[in-house]
Structure formats: C-alpha cells, structure tokens
Amino acid sequence: MSEPVPLDELAAQAGRVRVAVVGGGVAGLVAAHECAKVGLAVTVFEAADRLGGTVRTVELGGLVVDTGVDCIGLQPAAAGLVDELGLAEALVEPGEQTRWVVGVGQATDAATRARRPGVPAAPLPGEAVLGIPENMFSDDCRRLLGTGGTWRAYLDRLRPPLTIGHERNLAALVRSRMGVAVLDRLVAPLTTAVYGARPDRIDVDVAAPGLNAALTRAGSLSGAVAQLRAEKPPAPLRGLVGGMSRLVTALDARLRALGADVRCGTPVTALEADGTDTGWIVHTTGEEFDTADDAVVERFDAVVVATDERAARELLAPVVPALGVRPVASVPVETVTLVVDAPALDAHPRGAEAIALPGSRAAASVVHLTAKWGGAGRHAVRVAFGGPDTVPATAALDDAAAAELARAEASVLLGVELPAPVAADRARFTLAPARALTGHEAAATRVRNAVEAMPRLAATGAWLSGSGLAQVVPDAAATADRLRRRALFGADAAS
Ligand SMILES: Cc1cc2nc3c(=O)[nH]c(=O)nc-3n(C[C@H](O)[C@H](O)[C@H](O)COP(=O)(O)OP(=O)(O)OC[C@H]3O[C@@H](n4cnc5c(N)ncnc54)[C@H](O)[C@@H]3O)c2cc1C
C-alpha cells in the first residue's frame, strides 16, 4: 500500500491544478464551486455579460421578477445547496400553485361559440400524479372531462390491472386505463408545461417511480395515484425572496472568496488537447483580453463543459471522437414578461399558471408571477412561447410586436383583458429535454462515458442531467467530484 499523502502537500498539489469551467449557468457554477472547495485553481468562462444562464431576475416596472427559473424543487441536493449558500431563510412558499387548462371544451360550431364567448378554462386537479387524477368525479375533473370522459375514466376502477402489463409509455398507460379525455385534457397539458413533452414521450418509471408497482397493488391507476401520493409526496417547490438570481450571486461570491477567476463576456470557442495527454488548451475571445478578433489560448489541466447542448456539442465534437453526431434535442424558447396595472388580476383568475391546450394557441402558457409570489394591483405575468416541435411564435417579431402578442395571449389565457403593459421584458432561453423523456438517461450516459474517457474532461448541464435545478445541481456536483478525483489522484480514482 502506498503512503497517504500529507494534507498540506495535498492542498499545495490541488492549488497547482488549473480547471476551466465553460458556462456560468447553475451547472457550471455548482461544478466550479465543488472544484474550488477542494483548492483547485478554477476559472469560469461565461459567454454572456452576466452569470446564471436560464436563471435571470430583472427589475421591471418596479417589481423584481424572474423571467426564467422562478422556483426550485427542494430535493436533497438542491436543498443542501440553498442551505450551504445561507439562503434557506430566503425561501418562500408559493401563494398559489394551481394550474389551469385553457381551451378545453370549446364549442366547435360558430353559433354556439357566439352564444358563449370566451375560452373555457378549469383548474387541473391537485390530487394527481403527472395529471392522472386520484378522483375522476371531483368537480375540477368533471369540468375538464365532461360526462363521457368522466365515465370512461371510471372504467379504470373496474378493469383488472394486468390487462396491459407493465407499461412505461405514459400515453399508452393513461389511454388504456382512463381514456383519451384524461390523456388529452389533464395529462398532456401538465407534461407539456412541466416536462416540455407530450405524454407519448414520457417514461412512467422515471417520471413517477413506483406508479406501475402501485397499479398492480391497488388494482387501478387512480388507486395507484392515491397510494403514490400518500407514500411519496413530491418535494416542495420554493422561490427566493428577491429572485432566483440570489442563488447565482451567492455562488459567484463563494467562488471569488475561494480565489476562483470568474470571467463574463468570454465565450470559449474551441478546446484542444495539449499534446501531452495531461491538459487542455482553451480558446477564447472576449473583452477580458481586449483582443476580440484574435483567439486567446490558455492551458488548463482539466476542463468541465457546462454550456447548453448546442455549444457543448460544438466544443466537444472535435476532441471526443466517440461523441457521434446527433440532432440537438434542446429547443429554443422565449418568455415575454409583462408588468401590468390590472386590479382584475388580484383575484388570481387562473391560479399560478394557465396552460393552453397543447397546440391550440400561439403561447404555450402564462405564469402569473404575482399570484405565485405575492403582489396586488400591479402584476407580473410571464408568457412562454415555443417548445418541442414548436418554434416560438415571437421568433420573427420585434420587441414591441412580441409584447403585444404576449399581452393578447395572456388576456385570453388569464380570462382578463389586460391593458398595455407598464414594462415588458423579452428573454431567449434553451429548454433542455426532461430527464423523464424515454431514452434520455441512456443517451446522456453514452455522452458522459465518451467525454469522461478523455483525460480530465467532463461535461454537465441540463442537456445531460435533464431540465430543472433539482436535476442540474446534483449532476454538476457529482460530475465535478469525479473530475477533481481524476485531477488529483489519477484516472482510477474517479470510480
Ligand atoms: C423559461 C424556463 C423556465 C424554467 N423554470 C424553471 C424553474 O422554475 N425551476 C427549475 O428548477 N428549472 C426551471 N427551468 C429549467 C432550468 O432553468 C434549467 O434546467 C437550468 O437552469 C439549466 O442550467 P444549466 O447551467 O445547465 O444551463 P444554462 O442555464 O443554459 O447555462 C448555460 C450557460 O452556458 C453559457 N455558454 C454557452 N455557450 C458558451 C461558450 N461557448 N462559452 C462560455 N459560456 C457559454 C450560456 O451563456 C449560459 O450562461 C426553466 C427553464 C426555462 C427555459
């Protein structure tokens, strides 16, 4: 057995290891923090002029609003990070959590539509898993399903559970047990809003572990939902007083205190092996170097790529031959956040969020931010455009036209004619695939294995972990842990 390395020697050794983290979203900042904590010399390269990526808080019309991420699921790793950063006191419970579906049950003939103007809307039942209701006879369910749909859903309680076996495809499971009304009106809006995917692309065993086993025990899908809700309540969702960017600011401060070099406005344009098999040449441009036209090169011992999928594939493909060429699964989305003086919104007419029946409108959904996080009289609403298979309807519009489209869509979805906004903000983001997408985990593992087969190279971010901070945080921490072991103790240490 070799002698253990003395601690002071280990610390000196760590300080000589230079790690480049490419991307200053939450994934990159968490990975950088994990490396800096053990004394590695960390440099973060962020292309934009601010850190945070999809986490973006702005002041708009006198309100502090989150235009991207507005809450965090308190699964253990995410809760641990919030605690570690001293932000637990700033966590805030949403005032409203109900989601409404808008556009269900609209009359198809013009005469009836003229008699009953307005777009029908109803809340999604809260007692549900993935939109699958525990009680199809609740008022909310019956409003959304209609009489025929409700009775078809009830058949679930009468049919033996084993008629379909263990079904992992969410759409097939729901259709066969409860019928198309439950699938189209409850489950599809929910999965489209939460996972950015239709139910036929969702793997039940990843999205709701234990549901299939509970189905066998309970004898019905609705019974399984009741069992699962009792056994495994979902992790609470929380916002942060002052906006989610506080998470980013706190990580940035910790990094700087640990001596990390955090550079915004510095896109990494290429990676290159340094020829010795022990390090990487990082190519950047950017104002930091005052050489916008010329690439600047710097040598690092290890690199973590933590950008969005498109940028990551561009950087990794030339240096990771086994990566393979695959279509980018992440999609562009836009949010238009409006601040409006609209006392009619004080009543929170659509709870926290109004979801358009998938494919029925230009906008995908509206989050009523002030219903969720507090406020009256002056309100903030965030309208989302685009998603899988849907280019954002705002993509070709100028800012004024995008704001007007958002106002019109929000008026319909919230059921309140909104006035011209006091202020508007438009943001473009990338939506990564959900972890629960069929085949996602296997594909991500293949990428990870190919990347980590290269010396001291790693990749993390929502495109690998699955979208959502509850996935991004533990994945970034685990990826950084493997890399720092490899950087400090050699290739075998990672496992
Ligand atoms: C509209 C919207 C709302 C969401 N709301 C929530 C929510 O409420 N709760 C939740 O948990 N999740 C939410 N998500 C998902 C969550 O935002 C993401 O999963 C997570 O923030 C992704 O973090 P990331 O660091 O992997 O990627 P990103 O946040 O995309 O960060 C990647 C960073 O890499 C930088 N970069 C790209 N190329 C380069 C380069 N060449 N060189 C240097 N830097 C580069 C980018 O500028 C960016 O800052 C939401 C997503 C969207 C789109």
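Residues numbered from 1 in each chain as written. Predicted model: local features only at pLDDT ≥ 70, side-chain atom pairs only at ≥ 80, totals over all residues. Heavy atoms only, no water.

Q: How would you sum up the packing of helix H2 (residues 26-37) against helix H17 (residues 469-489)? Please name residues and give values.
A: At a minimum axis separation of 8 Å, H2 and H17 run at an interaxial angle of 35°. Here H2 runs over H17; the crossing is right-handed. Side by side, H2 and H17 meet where Val26, Ala27, Val30, Ala31, Glu34 and Cys35 of the first sit next to Leu469, Val472, Val473, Ala476, Ala477, Ala480 and Arg484 of the second. Class assignment for the residues of the contact of H2 with H17 results in 11 nonpolar, no polar and 2 charged. (Axes fitted to C-alpha atoms, helices over the stretch in contact; angles between N-to-C directions. Helix = DSSP H or I, 4+ residues; strand = E, 2+ residues; numbered from the N terminus. Left-handed = near helix turned anticlockwise from the far one by under 90°. Contact = heavy atoms within 4.5 Å. Nonpolar A, V, L, I, M, F, W, Y, C, P; charged D, E, K, R; others polar.)

Q: Please give an account of the sheet that holds strand S6 (residues 91-92) that cites residues and values.
A: An order of S5-S11-S6 is seen for the 3 strands of this open sheet, with the pairing classed as antiparallel. Each edge of the open sheet carries a strand with a single partner, namely strand S5 (72-73) and S6. Sheet topology places S5 next to strand S11 (residues 237-240); 2 bridges connect them, and they run antiparallel. Bridging across to S11, Ile72 finds its partner in Arg238. (Pairing = 2+ DSSP bridges.)

Q: Outline the site of the ligand, supporting the account with residue identities and numerical values.
A: Every one of the 31 residues lining the ligand counts as a neighbour, but Glu46, Cys71, Ala462, Gly468 and Leu469 are closest to it. The separation between an oxygen atom of the ligand and a polar main-chain atom of Val26 is 3.2 Å. One of the backbone nitrogen or oxygen atoms of Ala47 is found 3.1 Å away from a nitrogen atom of the ligand. Within the complex, 85% of the 1000 Å² of free accessible area of the ligand lies under protein. Within the residue set of the shell around the ligand, elements represented by two or more residues are H2, strand S17 (331-341), strand S21 (423-431) and H17. Partitioning the shell around the ligand into residue classes produces 16 nonpolar, 12 polar and 3 charged. (Near = heavy atom within 4 Å. Polar contact = N/O pair within 3.5 Å; in protein donor to acceptor, adjacent residues only side chain to side chain. Areas by Shrake-Rupley, 256 points an atom, 1.4 Å probe, with all protein chains shown as cover.)

Q: Kindly report on the environment of Ala77, identifying the contributing residues and their values.
A: Of note, Ala77 is situated in helix H3 (residues 76-84). By relative accessible area, Ala77 is classed as partly exposed at 33%. Between the C-alpha atoms of Ala77 and Gly95, which are 18 residues apart in sequence, the distance is 24 Å. Apart from residues lying up to four places away in sequence, Ala77 is in contact with Val473 and Pro474. (Buried < 20%, exposed > 50% of the residue type's maximum accessible area, 1.4 Å probe, protein only.)

Q: How would you summarise the domain arrangement of the protein if you had to cite specific residues and measurements?
A: Interfaces are often described in size by the accessible area the parts lose on coming together. We note that the domain assignment places domain 1 (7-53 + 244-328 + 435-489), domain 2 (124-231) and domain 3 (331-431) within the protein. Here the C-alpha centre of domain 3 lies 28 Å away from the C-alpha centre of domain 2. Opposite the 10 residues of domain 2 that make contact, domain 3 presents 7 residues. Between domain 2 and domain 3, roughly 560 Å² of surface is buried when both sides are summed, and carbon and sulfur atoms account for 76% of that area. Taken together, the residues of the side of domain 2 that touches domain 3 sort by class into 5 nonpolar, 2 polar and 3 charged. (Domains from an automatic or database assignment. Buried area = accessible area lost by both parts, 1.4 Å probe.)

Q: Just give me the short version of the nonpolar core, but keep the residues and values in it.
A: If you look at the biggest cluster of nonpolar residues, it comprises 47 residues, and the most contacted ones within it are Val19, Leu40, Val42, Ile72, Met244, Leu247 and Leu255. Taken together, the elements giving at least two residues each to this core come down to strand S1 (18-22), H2, strand S2 (41-45), H3, helix H11 (245-257), strand S16 (302-305) and H17. Those residues in contact with Met244 that sit more than four places away from it in its chain are Val55, Thr57, Asp66, Val69, Asp70, Cys71, Ile72, Arg238, Gly239 and Leu469. Core analysis: the second largest hydrophobic core is formed by 40 residues, Met136, Ala207, Leu215 and Ile355 among them. (Core = buried A, V, L, I, M, F, W, Y, C linked by side-chain atoms within 4.5 Å.)

Q: Can you tell me about unusual backbone geometry, naming the residues and giving the values?
A: Both trends apply: most residues other than glycine have a negative phi, and most peptide bonds are in trans. Even without being a glycine, Leu130 presents a positive backbone phi close to 55°. You can see Leu130 is positioned in the loop between strand S9 (128-129) and strand S10 (132-133). For His348, which is not a glycine, the phi torsion comes out positive at approximately 50°.

Q: How would you explain the environment of Asp399 if you had to name every residue and give the values?
A: Checked against the element boundaries, Asp399 lands in helix H14 (residues 399-414). Since its relative accessible area comes to 52%, Asp399 is described here as exposed. In sequence terms Asp399 and Val336 are 63 residues apart; their C-alpha atoms lie 9.1 Å from each other. Within the structure, the side chain of Asp399 is placed 2.7 Å from the side chain of Arg426, a separation counted as a polar contact.

Q: Outline the side chain of Asp274, supporting the account with residue identities and numerical values.
A: By secondary structure assignment, the location of Asp274 is in the loop between strand S13 (268-273) and strand S14 (280-284). A distance of 2.8 Å separates polar atoms of two side chains, one belonging to Asp274 and the other to Arg299. Not counting residues up to four positions away in its chain, the partners in contact with Asp274 are Gly279, Trp280, Ile281 and Arg299.

Q: Tell me about the packing of aromatic side chains, and name the residues and values.
A: Counted by the stated rule, this structure contains 4 aromatic pairs. In this structure an aromatic cluster arises from ring pairing among Phe137, Trp151 and Tyr154. The residue whose ring lies beneath Arg18 is Phe300, and the NZ or CZ to ring-centre distance is 4.2 Å. (Phe/Tyr/Trp six-rings, centres within 6.5 Å; stacked < 30°, edge-to-face > 60°. Lys NZ or Arg CZ within 6 Å of the ring centre and 35° of its normal.)

Q: Which residues make up helix H5 (residues 139-158), and what values go with them?
A: End to end, H5 covers just 21 Å across 20 residues, shorter than the expected 28 Å (1.5 Å per residue, more than 12% under). A maximum bend of about 115° is found in H5 at Gly146. Every buried residue of H5 is accounted for by Cys141, Leu144, Leu145, Gly149, Thr150, Ala153 and Asp156. Of the surrounding secondary structure, the elements contacted by the buried residues of H5 are strand S7 (99-102), strand S8 (121-123), S10, helix H6 (170-178), helix H7 (180-195) and helix H10 (221-231). (Expected span 1.5 Å × (residues − 1). Bend = angle between axes of the 7 residues up to and from the residue.)

Q: Any chance you could break down the sheet that holds S7 for me, citing the residues and the numbers?
A: Pairing in this open sheet of 7 strands is mixed, and the strands run S8-S7-S18-S19-S20-S17-S21 from one edge to the other. With one partner strand each, in any of the chains shown, S8 and S21 form the two edges of the open sheet. Taking each pair of neighbouring strands and ignoring which way they run, the sheet shows an average axis angle of 20°. Here 9 bridges tie S17 to S21, and the two strands are oriented antiparallel to one another. Bridge pairing in S21 links Pro332 to Thr430. Contacts from H5 reach S7 and S8, with the element oriented near 145° to S8.

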